[in-house]
Amino acid sequence: MLASSLLANYCTELHDDQAHKVDKYLHRLQLSDETLMDVSIRFRREMDKGLCRDTNPTAAVKMLPTYVRSTPDGTEQGEFLALDLGGSNFRVLLVKVMADGEQKVEMENQIYAIPEHLMRGSGSELFDHIADCLANFLEKLGIKDKKLPLGFTFSFPCQQTKLDESLLVLWSGGRIIQYSQSVLVSWTKGFKASGVEGKDVVSLLKKSIKKRGDFDIDILAVINDTVGTMMTCGYDDHHCEIGLIVGTGTNACYMEQMRNLEVLDGDEGRMCVNTEWGAFGDDGVLEDLRTDFDREIDAGSLNPGKQLIFLAVGVGLSEPPLQNQHRGNTELKFEKMISGMYMGELVRLILVRMTKERLLFQGKTTAELLTTGSFNTSYIYAIDNDRDEEGLASAEKVLRGLSLDPSVEDCIATQRVCQIVSTRAAHLCAATLVAVLRQIRDNKAAEKLRTTIGVDGSVYKNHQEFSRRLHKMVRRLVPDCDVRFLQSQCGSGKGAAMVTAVAYRLAAQQAERQRILDTLRLSREQLLDVKKRMSEEMVRGLSKQTHEQTSVKMLPTYVRSTPDGTEHGDFLALDLGGSSFRVLLVQVQSGKRHKVDMHHKIYSIPQEIMQGTGEELFDHIVYCIADFLEYMGMKGTSLPLGFTFSFPCHQSKLDQGILLRWTKGFKASGCVGQDVITLLKAAVRRRQDFDLNFVAVVNDTVGTMMTCGYEDPKCEVGLIVGTGTNACYMEEMQNIELVEGDVGRMCVNMEWGAFGDNGELDDFCTQFDHIVDNCSNNPGKQRYEKMVSGMYLGEIVRNVLMDFTAKGLLFRGKLSERLKTRGIFETKFLSQIERDRLAMRQVRSILQHLGLTSSTCDDSVLVKEVCSVVARRAAQLCGAGLAAVVDKIRQNRNLNQLSITVGVDGTLYKTHPHFSSIMQETLQDLAPQCRVTFQKSEDGSGKGAALITAVACRMKSEGQH
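The structure displayed is predicted, hence computed values, not measured ones.

Draft legend 1. Molecular detail of the pattern of salt bridges. This structure, assessed with the given rule, holds 72 salt bridges. For the salt bridge of Glu-826 with Lys-828, the shortest nitrogen-to-oxygen distance reads 3.6 Å. For Glu-826, a relative accessible area of 34% gives the class partly exposed. The class for Lys-828 is partly exposed, based on a relative accessible area of 46%. By sharing partners, the salt bridges in this structure join Glu-287, Arg-290, Asp-292, Arg-295, Asp-298 and Lys-336 into a single network.

Following this line, the structure appears as C-alpha cells:
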C-alpha cells in the first residue's frame, strides 16, 4: 500500500518543496499580521455602524440587542426548563442550579423528533407538537404540576424587543441571521411551517400549551445559541463576557455598554449584543481579501435547481445538518471564509483547480472530486494534524475515497492546502475577536483587559489545530489582553437555562431591591403632607406662645430690608467659621450700574488660640483685621463691619449675638454667654489702631438672600443646601410675635434643619435614616437636615449598600472592610456618579476606592440607582419645605399669584447634576400659584455680610429702625 511506502519514503526535503509550491499557488490565502490588524480595524468600524442608530439599517454587521442584561454571578438557583429548537430534532431539558456553598448544575434531557410533515405544515400543528413533547417530558419526571420558568433556544432569525418576545422574520435551520425579508422569502432550510412568520413565537407556544390545559410554564427567555454558549461558560467563569461559535456557521456575541447601543433607549449597564458577524463583508469591505475560490463558493451556493448537500459531521443540536439549502451569493461572505459549512468545499475547489492545471493527480480528476460537498470539512480535522505522518495517511485515505490515485507529493500538497485554508479561517476569526476585545477594553477604560471567551461549534471542538492557531493569533494581536478560552460543555440547552436563571435571579433581586428603595421614594401626597407640616411649624415658631416647643425656631435676624440699589460705601466683612477665616473689603457703588468690588485675605487661627482665652482669640482676629487694612493701604480707617459668625448664637438685635456654645474645635474660654460684638469691640479698643463704627452679626443664609437681592430686587428668600441646610425669608412684622412692632418686614432665619425633631418626619424616616441619626454626633436633632443635606446623604447611601450586600443583592454578598467605615462614602460621590453618560466608569473607580475591586457593571448600575433615589428624595423634601415658604409669603400678601426669587448657595445644590431641577419641579408642583426664579449666590458669607451691613447703614441714615 502507498501508506507504508509513503511513511518509508517520507522526507523533510520533499515535504518542504511540495509545501512551498502550494504556498506560492495559494499566497493570497495567507494573511500577514498587518493585514489581520487591518481586518480587525475594519470589523470595529462595522461594529460601530451596527451600534449607531443612523447607520444600523444599512450596516452589514447588525449588532442585534438580545435583552440579556447580565451574566451569571454564581448565586443563581432553582429548577429551570430549557427547550433547544434548531433543526429536525429538538431537546427538552430540566436544569437544576444549586448555589448552596458551591456552584452545581444537574441536567436531565430528552431528544424529540419533528416529523417532516410538521416542519412543512401549519405553525399551530408544529407548536402543538412541541407542547405535546414538553408535556411528555414533564410527565416522565413527575413535575407536570410545577410551573417552572423556561428558556427557549430558538435558533432561527428573530427580531427581539425583550427576552420573551421574538417576532419571526423567516424560518431557517441555522443560527440567527438578519436578512432583508425579500431574500428570506425565497430561501429556506427545511422549515416551511405556515402562519408563523411575523408572529410572536412565545405567544404561539403559550397558545399551544394553553390548548392542552394540563400544565403551565413561564417563558422568561428566548435566546440564540451563541448567547447560550456565553451564558453556559459564564456560569463556570464569571469573567466570561464573549460567546463564540465556529461550527457549521459562525457568530459571536459580547456584553456591550448600553450607552453605545443607540438603537435602544437607556444608557446604563450592559446588554449582550449578537454581532451576526457572518455577514461581515456583505457590503464589500472584504472584497480585496476574497479570492476566486471564495467567489466560486458564492456562485456554487446559488445555482438554480442545484442543491448544496454538505455532510455535517460532529454537529450538535443547535447545528443541524443543512440540507436542501441555498444562500444568496451576496450573503454571509465572512462566514463562507471561516465556517465548517464551507471550509471543506473550499479545499475541494482548490484541489479541482490545481488538478485541472496539472499540479496534482497528474491532471486527472474524478466524478467524486467534481461533486459539490464531497470533501467534508471533517476531513480537514484529520489531515491538518500536528503529527504529519498521521495527517498524510489521512490525506491518502480521503483522496482514495474520492477515487483518486495520489502520490506522496499529492498527499503533501493536499495536507498543505488544508493547513492554509484552516489557518486563514482561524486567523480571520482571531482578527474579528480582537476587535470585540478592544471594544470591551475601551468600554472599561482598562489598560489591560482580563476576560474569558466561551466557545462552541464543531470546527473549534474537533479541529485542534484551528483552536490552537486561533488562540495564538488572538494573543499576538492583543498582547494587552489576558484572554482565556473556555469550551462550552453542555451546549445551548444549559445556556438557555442559565439565561432564564439569570433573568429569574435578576427579577427576584430587583423586586426585593425596589421594595427597599420604595421606602426612600415619596409620593405626591406625602410631599404635600411635608409641606403642610412645615407650614404648621413655621406658624408655631413665629408665635410667642409656642415658640419654645416648636422644632422650626423662626429666629428674627433684625435685617429689615433687602438691597434697593442705593447702598454705597466701603465695608469690612469678617467670615469666621473654622480654623481659618477671611477678612474682606467690599466696595459698594450705587447708581444705574451699581456693582460690588471685593478684596480679601485668608488668615489661620493657631490651635493654641482656638483653645486658649477669649481675649487671645479676639485680639488675634483684630490683629488680622489691622494687617488687612494695612495691606489694603487703609490703616487707621474706621469702617462698618459685617460679621459672619458661624456658631450658635441668640440674637436680640442686628449688632448683638450671644454665643450659646462653641463648635468645630473651638474652646476659647470666657466667651459662651457673652455678646461676641462686645468682645470684638473690646479687642479693637485694646489695639487702638482702627475703629469699627457699626458691626452687624450675620447668618450665612441671610447673606445669601442679600447677595442675590442686590442683583434681583425680587429676591426675598435665601436657601442653603450644602454640608447643612437652612432657609430664610422676609416675613411680615405683624406675624413675628417675638419682636415688637407691626410695620414692615423682617428677615426670619428659619433654622429649618431641625424640622422633624419633634417627630414631624417620623412616618417618612426609613431604617437607614434611623441608623444615620443614631450614629451621628447629635442623635434626635436636625432630622430634616439629615435627610436633605450633603453631610448625611453619602452615609444614607452607604447604609443602603450595606443592607443590599448583607441580603446578597449587591457585590455578590461580599462586603469590603472600607465600606464598613462610617463616612467613607462621601456625598461628592453622588454628584460624580450621576454627572454624565460615562458614570459607570466613575462608579467603578469609586467602588475600587472603597475596596470593592471585583464589583461588576451590574453593581455599578445599582449603586447609581441608590444614589439617584437618595438624592431625589433630598431634593423633593427641600422642594416641599420651600413650597411652604413661598406659599406663606403669597398668603401673607393676599395674592392669587406670587412672583419671587430665591437666592441659593451650597455645594450640593451647585454641584449635583439633578438636585436643583428636581427641587424646582417639586416646588412648582406643590406651590402652583407661585412663579419662583432661582439665582445662585456668590459668597453669601462675605459679600452678603457686607451688604447686610450696607443696608443697615442706609436705613440708619434714612432714620429707619
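Draft legend 2. Region of the structure containing the sheet that holds strand S15 (residues 569-576). Taken together, five strands build an open sheet; the order of strands is S17-S16-S15-S18-S21 and the sheet is mixed. Lying at the two open borders of the sheet, with one neighbouring strand each, are strand S17 (595-604) and strand S21 (695-698). Averaged over all pairs of adjacent strands, the angle between strand axes in this sheet comes to 20°, irrespective of strand direction. Here eight bridges tie S15 to strand S16 (residues 580-589), and the two strands are oriented antiparallel to one another. Residue pairing across strands places Leu-576 opposite Phe-581, the latter belonging to S16. Its contacts with the sheet place helix H31 (residues 943-957) against S15, S16, S17, strand S18 (641-645) and S21, and it is angled at close to 135° to S15.

Draft legend 3. Highlighting the side chain of Gln-876. Relative to the helices and strands, Gln-876 resides in helix H28 (residues 857-892). Discounting chain neighbours no more than four positions away, the residues touching Gln-876 are Leu-522, Leu-527, Ile-918 and Thr-922.

Draft legend 4. The arrangement of the nonpolar core in detail. Leu-244 and Leu-470 are the most contacted members of the largest nonpolar core, which has 88 residues in total. Here this core takes 20 residues from helix H14 (residues 408-444), the largest share from any one element. Counting residues in hydrophobic clusters, the runner-up holds 86 residues, among them Leu-793, Phe-811, Cys-867 and Ile-889.

Draft legend 5. Summary view of the confidence of the model for the protein. Looking at the protein, the pLDDT average stands at 85 and 90% of residues meet or exceed 70. The model gives residues 164-189 a pLDDT under 50, and that stretch makes 104 contacts with residues more than four places away or in other chains.

Draft legend 6. Representation of the pairing of strand S24 (residues 745-749). Among the five residues in S24, four count as buried, and that is most of the element. Pairing between strand S14 (residues 555-556) and S24: two bridges, direction antiparallel. In the strand pairing of S24, Leu-555 is matched with Asn-749. Pairing geometry for strand S23 (residues 725-732) and S24, over five bridges, is antiparallel. By the bridge assignment, Glu-731 is partnered in S24 with Met-746.

Draft legend 7. Inspection of the environment of Glu-116 at higher detail. Structurally, Glu-116 is set in helix H4 (residues 116-119). In this structure the C-alpha to C-alpha distance between Glu-116 and Lys-192, which are 76 residues apart in sequence, comes to 9.7 Å.

Draft legend 8. The sheet that holds S24, seen in detail. One open sheet holds the six strands; their spatial order is S14-S24-S23-S22-S25-S26, and the pairing between them is mixed. This sheet does not close on itself; its edge strands, each paired only once, are S14 and strand S26 (930-936). Bridging between strand S22 (residues 715-721) and S23 involves five bridges; their strand directions are antiparallel. Bridging from a neighbouring strand, Val-717 pairs with Tyr-729 of S23. On the sheet, helix H30 (residues 915-926) packs against S22 and S26 and is oriented at approximately 160° with respect to S26.

Draft legend 9. Structural context of helix H23 (residues 767-774). Those residues of H23 that sit buried are Phe-768, Asp-769, Val-772 and Asp-773. For H23, the angular spread of the buried residues around the axis is 135°, confining them to a single face.

Draft legend 10. Up close: unusual backbone geometry. Its identity is not glycine, yet Ala-445 carries a phi of approximately 50°, on the positive side. By the secondary structure assignment, Ala-445 is in the loop between H14 and strand S12 (449-456). Even without a glycine there, the phi angle at Arg-812 is positive, about 55°. As for its placement among the helices and strands, Arg-812 is situated in the loop between helix H25 (790-806) and helix H26 (827-833).

Draft legend 11. Local environment of the environment of Gln-419. With respect to the helices and strands, the residue Gln-419 is situated in helix H14. On the basis of relative accessibility, which here comes to 11%, the residue Gln-419 falls in the buried class. In this structure, the C-alpha to C-alpha distance between Gln-419 and Asn-385, residues 34 residues apart in sequence, is 8.7 Å. In contact with Gln-419, not counting residues within four places along its chain, are Asp-384, Asp-388 and Arg-469.

Draft legend 12. Molecular detail of the state of the cysteines. Per the counting criterion, the structure on display carries zero disulfides. Left without a disulfide partner, Cys-708 is nearest to the cysteine sulfur of Cys-715, which lies 4.9 Å away. On the basis of relative accessibility, which here comes to 1%, the residue Cys-708 falls in the buried class.

Draft legend 13. Here's a closer look at the packing of aromatic side chains. Considering all chains together, one arrives at 19 aromatic pairs under this definition. Judged by centre distance (5.8 Å) and plane angle (75°), the ring pair of Phe-43 and Trp-277 falls under edge-to-face. Taken as a pair, Phe-43 in helix H3 (residues 33-51) and Trp-277 in the loop between strand S11 (270-274) and helix H9 (292-300) lie far apart in primary sequence, 234 residues in all. Accessibility assignment for this pair places Phe-43 and Trp-277 in one class, buried. Each ring, one from Phe-825 and one from Phe-829, has its centre 5.3 Å from the other, and the planes form 85°; the classification is edge-to-face.

Draft legend 14. Representation of the environment of Asp-691 in the model. Within the secondary structure layout, Asp-691 lies in the loop between helix H21 (676-687) and S21. Sequence separation between Asp-691 and Pro-640 is 51 residues; the distance between their C-alpha atoms is 8.8 Å. The residues contacting Asp-691, other than those within four sequence positions of it, are Thr-637, Ser-638, Leu-639 and Val-684.

Draft legend 15. A look at the packing of H3 against helix H16 (residues 464-477). Where H3 meets H16, the axes come as close as 11 Å, and the angle between the chain directions of the two elements is 80°. Judged on the interaxial angle alone, H16 and H3 are roughly perpendicular. Facing H3, whose interface residues are Asp-33, Leu-36 and Met-37, H16 presents Met-473, Arg-476 and Leu-477.

Draft legend 16. Spatial organisation of the pairing of S23. Across the eight residues that make up S23, a large majority, eight, are buried. Burial of S23 is two-sided: the residues Thr-725, Ala-727, Tyr-729 and Glu-731 facing one way and the residues Asn-726, Cys-728, Met-730 and Glu-732 facing the other way are all buried. Hairpin connection, S22 to S23: the antiparallel pair is bridged by three residues.

Draft legend 17. A look at helix H11 (residues 340-356). The end-to-end C-alpha distance of H11 is 25 Å, a good match for the 24 Å that 17 residues give at a rise of 1.5 Å each. Extensive coverage of H11 is indicated by the burial of 15 of its 17 residues. Positive phi appears at Arg-358, one or two residues downstream of H11, with a value of about 60°.

Cut-off values and rules
- Residues numbered from 1 in each chain as written.
- Predicted model: local features only at pLDDT ≥ 70, side-chain atom pairs only at ≥ 80, totals over all residues.
- Heavy atoms only, no water.
- Salt bridge = Lys/Arg side-chain N within 4 Å of Asp/Glu carboxyl O.
- Buried < 20%, exposed > 50% of the residue type's maximum accessible area, 1.4 Å probe, protein only.
- Pairing = 2+ DSSP bridges.
- Helix = DSSP H or I, 4+ residues; strand = E, 2+ residues; numbered from the N terminus.
- Axes fitted to C-alpha atoms, helices over the stretch in contact; angles between N-to-C directions.
- Contact = heavy atoms within 4.5 Å.
- Core = buried A, V, L, I, M, F, W, Y, C linked by side-chain atoms within 4.5 Å.
- pLDDT = per-residue confidence, 0-100.
- Arc of directions from axis to C-beta.
- Disulfide = S-S within 2.5 Å.
- Phe/Tyr/Trp six-rings, centres within 6.5 Å; stacked < 30°, edge-to-face > 60°.
- Parallel < 35°, antiparallel > 145°, perpendicular 65-115°, else oblique.
- Expected span 1.5 Å × (residues − 1).

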